[in-house]
Amino acid sequence: MATQPAGQRIAHGTLILSVAVGMTAGDINPQSMSYGYDRIRFIRPVFIGDTITVTAEITEKAPHQKRSDVGHVHELVTVVNQHGETVMVLTHLYLVNRRAEN
């Protein structure tokens, strides 16, 4: 790996994706369901031994096109390394129960 662009061993991007999403799992409504991922970007390599921190922010919500009891929530997930450098971003899509209208 010393001759490659990163210069050393890196962690596979999809490993970082799964770890990052797993780190946010306790913050999610247990009645929600993962609907997929959009706009996944691997910005910088994550090296063996790096420490990552994950933040998640709800950026969008929308009603379901066919069902009135559920809706969609978009969560921006940002992963940074121990140097404060963003290494990955993605949008996690959820299907969630909607509150009853009063």
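Residues numbered from 1 in each chain as written. Predicted model: local features only at pLDDT ≥ 70, side-chain atom pairs only at ≥ 80, totals over all residues. Heavy atoms only, no water.

1. Some thoughts on the overall build of the chain
Secondary structure assignment for the chain yields one helix and four strands. By the compact-globule yardstick of 13 Å for 102 residues, the chain is too spread out, its C-alpha radius of gyration being 17 Å. For the chain, the spread of C-alpha atoms along the three principal axes comes to 60 × 20 × 15 Å. Among the 102 residues that make up the chain, the fraction classed as buried is 30%. Expressed as a percentage of contacts within the chain between residues at least 6 apart in sequence, the contacts between residues at least 24 apart total 61%. (Helix = DSSP H or I, 4+ residues; strand = E, 2+ residues; numbered from the N terminus. Rg over C-alpha atoms; globule rule 2.2 N^0.38 Å. Buried < 20%, exposed > 50% of the residue type's maximum accessible area, 1.4 Å probe, protein only. Contact = heavy atoms within 4.5 Å.)

2. As for the pattern of salt bridges
Applying the stated criterion across every chain yields a total of two salt bridges. Across the pair R44 and E85 runs a salt bridge whose closest N-O atoms are separated by 4.0 Å. With a gap of 41 residues between them, R44 in the loop between β1 (33-42) and β2 (52-63) and E85 in the loop between β3 (70-81) and β4 (86-97) connect regions that are remote in the sequence. Across the pair R67 and D69 runs a salt bridge whose closest N-O atoms are separated by 2.9 Å. Classification of R67 as partly exposed rests on a relative accessible area of 41%. (Salt bridge = Lys/Arg side-chain N within 4 Å of Asp/Glu carboxyl O.)

3. As for the pairing of β4
Of all 12 residues in β4, 10 are buried, a share of seventy percent or more. Pairing between β1 and β4: seven bridges, direction antiparallel. Within β4, the residue paired with Y37 across the bridge is H92. Sheet analysis places β3 next to β4, joined by 11 bridges and oriented antiparallel. (Pairing = 2+ DSSP bridges.)

4. Some points on helix α1 (residues 13-24)
Counted at 1.5 Å a residue, the expected span for α1 with its 12 residues is 16 Å, and the 17 Å between its end C-alpha atoms agrees. For α1, the set of buried residues is I16, L17, A20, V21 and T24. Buried positions in α1, seen along its axis, are confined to an arc of 125° and lie on one side of it. The secondary structure elements touched by the buried residues of α1 are β1, β2, β3 and β4. (Expected span 1.5 Å × (residues − 1). Arc of directions from axis to C-beta.)

Distances and angles like these do not, on their own, reveal function.
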